[in-house]
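As a plain string of letters, each chain reads:
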Amino acid sequence: MTPAQLHYTSAPPGPDGSGFRFTAVSAGVPQGLLREAEQLIGYEPPRDFPARPDTEELKSFPKAFAFSELSDGGRLLSRSVYTGADYTGRWGNFHAHAVHLPPGARLPDGALPITAWESPRWSDTTPPDGRPGPVDRFEPSGLLRRDGLVAFAASRQPWLAPFFADLRAVAEDPGAGQLVLVEQDSADVAQWIALACAVLPREQAHRLTFTTYTRRPQQARQQIVGVLPSSEQIPQDHRYRVHDCTRRPPSEPVTDTWAQVCARIWIAGRPDLFRDPVDGLGPLTVAALVEGIGLPSDARAVAARWAAERLLPEATLGALIAGLCRDGEDADEPAALAALWERVDGQVPTAVSAPLAARVLASAVRGGGPVPALRPGSLTPQVHADLARALAPVLREGVADAAQPADGRPLTLLRVADLLGVDCQDLLPELAGRLARALVDTAPQERPAAREHPVGHPALRTAETADATAPRLGTPALLDAVHEHPALRLALFGSLDALAAADPPAAARTLAGSGLPVGLQPGFPHLRMCVLAEPGGDRLARFHGALRTAGASPHADPSVLRTALRLVWPAGDLPTGQEASLLLNELGSDLHRAAGTRDLLIDAALAAPADDRDVPALAADLLRCFTTELRPGQRAALLLLEYAGLLGTPGEGEEWVRRVLSLRDGAADPVPDTVLHRAFDALARRLVADSVPESELYALARSGEPELLAAYERAGRSPAVADRLRVVPSYVAVCFRAWSAFPGTHPAWDETGAALLGKVLRPVVKALPAEDVAEVEAALERAGRSKLDAFRSWNRPGALGRLAGRLSGRGRRAEPGAAWPGDVEPPYRGGRR
């Protein structure tokens, strides 16, 4: 079926009138189509062309070759040319010859519309009989031959990539605006359109609308619009993508990879590579690289990624790798090349993959990216030699780079140097030192503050912790390097041993369980203990296990003892009294002096919790073993601890209160609160016992010591005292006599006694049965009639307030008189009892 044709020009009068009209129309063309076509095929000559051209000048007028979309979905392919004067002699006539393609129809043989440019089938005049002849094909003109298009593309090289970038936007999105081409000749616009249709997918090329010339571009409806420099000015508007090839070439970079690839292929003269690219950009980039066409780095990355997902023939793959390795690269390409290398390594002959392996490795080394793990057989001998020669300076510089984490890239580059045979032995000692410092990072991290000790070794007063972000040992690269490099291993173990001795807990946090092969090298006891440290379990057993692990006797090297102790009891964690005593007695004081661990044992005593019953015995051992070297503050504190353990035993002696207060007050340095609290609590417990000399109670009352009286009140309020008061009436009498004794001696004592009488004793006495109360009174009567009378007066309803007032100095004023031990109040008018 041949397409319908239309002819339009200014013609003499006829059945359809005169002037511009359709002069020949194929049968069956509806009037609506003619009216719409009339709006598309008009022609206005350029303003700067001759007004009355001769025959030769007429040939230079632009030709409006257009492919337009119709409202019914069909297309109109038209050619409008200027013919000069019409039949009346007036200038401005033109002739349009058009072909109508219904919706879905194409030109004969499926030819692209642009191929019909200047085909011999187009006519500049109306058929003599007024009936268009059939058109079974459009023979293309010589202008659009391959060689001519290649030469044209070369002449428009600066505009190619920007044009293709805008072409894709316009072809893919109808709302993306129009692409305007400014050329001196409409034939050049036709060549641009031919370039465009060659690079587009075939279906898009068939739908692409265009016109090679219009004087009014703002009225054009096509996607590509050709204009002359003299055509109407195009406004600065986002709807128009203007490419003026008559002015200076564009300077803005093009980021569209597809556009860049299309431009390079045209410049290379290989339009045959533009097969229907339904699979996207990947096949196009691979085809270009295989044919030796240089592409930008991002395009090579596309080719590498596409090839990595497919199994290409060996010959194609070899040519592709050669193309990929030919030019430079940017940030996107190394990852894509690495993915392709992983895909082909070991799957193709080494001669094919070796250049890619070398490129990937060199890129990673120079660019700082992830270094691939090449096999010894990944490189041919020649590639291996060339790569070693090229990378030796970079590898040595990277191994020695102090700005890089030592256990990261330097180790990786050391492995590459080994693979390529690059000598780095002289760099290993310094690398080992940096590696050790990086692995055992002692920077403190966010953790709860450790308990501070008022006396003792300064290093034990703060929390020593490792940075949570410090590098961890045990990575394959590090362990491999330690196994493979004896010089690195010796230097690393030496540095780590020194750091482990300086801060065992930090070293153990990093090194314990790391798998560091300390068995490969004798010596390094501190490192051994940190690497083989076992967490948890009995601490003394761990301590002895650490000493055995060290492989060195602490008597020969006392620092081993210090490291073992700090591993098991790091800063903020002290031995118990029993543990410290065993450590002292088993190892001896001389070894602790030599190891510098004496203060750890002293701190264990001075900072021990109150419930550690073994501390007094530890204090006695410390006083015995370190007689001449204890500081005055330490000695006084230890003596207090020792005496606190003697209270309530045959060794307590006399004047308990005086001795405790004298030891505290006579110390050159303040006694630690933990020690003072333990001593006061022990003394208070002794003073609330059954048999307490009145002189000790009087010393307590007279001292007025707030902390001691507070400890005494706590002891009186303790559950043990309350339980005993409820079941032993005689103990009730003892407590009444003690808590009501010596009124007025000191205000603090009066308040303490009144509180104990009212808050502790009163509730117990109120709940006692009559027979127990009688037993209490009998015990008090044996101590003296005044004690019984005072108790009965105190025990009467409402009497407690009066007695408490007298005990605290409130109420009726007493007359002067001598106070006797045990009296509730002094006798009046100086009388004796």
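Structure shown above.
What you see is a predicted model, and the numbers here were worked out from it, not measured in a lab. (Residues numbered from 1 in each chain as written. Predicted model: local features only at pLDDT ≥ 70, side-chain atom pairs only at ≥ 80, totals over all residues. Heavy atoms only, no water.)

Engineer: What is the right way to look at the layout of surface pockets in this model?
Structural biologist: Size it by volume and the largest pocket reaches roughly 580 Å³. Lining of the largest pocket is provided by 23 residues; of these, Val 182, Gln 233, Val 242, Asp 244 and Arg 247 occupy positions nearest its centre. Contributions of two or more residues to the lining of the largest pocket are made by helix 4 (157-172) and strand 9 (240-244). Residue contributions to the lining of the largest pocket peak at five residues, all from strand 9. Residue composition of the lining of the largest pocket, by class: eleven nonpolar, five polar and seven charged. (1 Å grid on protein atoms, 1.4 Å probe; cavity = no way out; pocket = protein on both sides within 12 Å on 5 of 7 lines; lining within 4 Å. Points joined across faces, edges and corners; volume = space filled by probe spheres on them. Helix = DSSP H or I, 4+ residues; strand = E, 2+ residues; numbered from the N terminus. Nonpolar A, V, L, I, M, F, W, Y, C, P; charged D, E, K, R; others polar.)

Engineer: I would appreciate a short explanation of the packing of helix 4 against helix 7 (residues 257-267) in the present structure.
Structural biologist: When two helices pack together, their arrangement is given by the angle between their axes and by how far apart the axes lie. The geometry of helix 4 relative to helix 7 is characterised by a closest axis approach of 8 Å and an angle of 135 degrees between their N-to-C directions. Looking at the two axes, helix 4 sits oblique to helix 7. In this structure, helix 4 crosses over helix 7, and the sense of that crossing is right-handed. Along the contact surface, helix 4 presents Gln 157, Leu 160, Ala 161, Phe 164, Ala 165, Leu 167 and Arg 168, while helix 7 presents Trp 258, Ala 259, Gln 260, Cys 262, Ala 263, Trp 266 and Ile 267. Looking at the contact of helix 4 with helix 7 residue by residue, the classes come out as eleven nonpolar, two polar and one charged. (Axes fitted to C-alpha atoms, helices over the stretch in contact; angles between N-to-C directions. Parallel < 35°, antiparallel > 145°, perpendicular 65-115°, else oblique. Left-handed = near helix turned anticlockwise from the far one by under 90°. Contact = heavy atoms within 4.5 Å.)

Engineer: In this structure, what is going on with empty space enclosed by the protein? I would like to understand it.
Structural biologist: Here the structure, examined in full by the defined rule, presents one cavity of 30 Å³ or more. The volume enclosed by the largest cavity comes to roughly 70 Å³. Of the residues that constitute the lining of the largest cavity, the class distribution is four nonpolar, one polar and four charged.

Engineer: Explanation requested: the packing of aromatic side chains in the structure shown.
Structural biologist: Aromatic ring pairs: the centre-centre distance and the angle between the two ring planes describe each pair. The full count for this structure, using the stated rule, is 26 aromatic pairs. Judged by centre distance (6.4 Å) and plane angle (75 degrees), the rings of Phe 164 and Trp 258 are edge-to-face. Taken as a pair, Phe 164 in helix 4 and Trp 258 in helix 7 lie far apart in primary sequence, 94 residues in all. Comparing Phe 164 with Trp 258 shows no difference in burial state: the two are buried. Pairwise contacts between aromatic rings join Tyr 8, Phe 20, Phe 22, Tyr 43, Phe 49, Phe 61, Tyr 82, Phe 94 and Tyr 213 into one cluster. Over the face of the ring belonging to Tyr 731 we find Arg 724, whose NZ or CZ atom lies 5.0 Å from the ring centre. Note that Arg 762 overlies the ring of Trp 794, its terminal NZ or CZ placed 5.6 Å from the centroid. (Phe/Tyr/Trp six-rings, centres within 6.5 Å; stacked < 30°, edge-to-face > 60°. Buried < 20%, exposed > 50% of the residue type's maximum accessible area, 1.4 Å probe, protein only. Lys NZ or Arg CZ within 6 Å of the ring centre and 35° of its normal.)

Engineer: Just checking my understanding: could you explain the packing of helix 34 (residues 770-783) against helix 35 (residues 785-795) for this structure?
Structural biologist: In the contact formed by helix 34 and helix 35, the axes pass within 5 Å of each other and the chain directions differ by 145 degrees. Together, Val 773, Val 776, Glu 777, Leu 780, Glu 781 and Ala 783 of helix 34 and Arg 785, Lys 787, Leu 788, Phe 791, Arg 792 and Asn 795 of helix 35 make up the contact between the two elements. Across the contact of helix 34 with helix 35, the residue classes break down as six nonpolar, one polar and five charged.

Engineer: What is the right way to look at the pattern of salt bridges in this model?
Structural biologist: Pairing between side chains of opposite charge can happen when their charged atoms approach one another. Tallied over the full model, the rule gives 49 salt bridges. Across the salt bridge formed by Arg 79 and Glu 118, the nearest N and O atoms sit 2.8 Å from each other. Of this pair, Arg 79 sits in strand 4 (residues 75-85) while Glu 118 sits in the loop between strand 5 (91-101) and helix 3 (146-155); the two residues are 39 residues apart in sequence, bridging distant segments of the chain. Take Arg 79: its relative accessible area is 6%, and that puts it in the buried class. The partly exposed category is assigned to Glu 118, whose relative accessible area is 27%. We note a salt bridge from Arg 375 to Asp 345, for which the minimum N-O separation is 3.1 Å. With a gap of 30 residues between them, Arg 375 in the loop between helix 12 (350-367) and helix 13 (381-399) and Asp 345 in the loop between helix 11 (333-344) and helix 12 connect regions that are remote in the sequence. Classification of Arg 375 as partly exposed rests on a relative accessible area of 37%. (Salt bridge = Lys/Arg side-chain N within 4 Å of Asp/Glu carboxyl O.)

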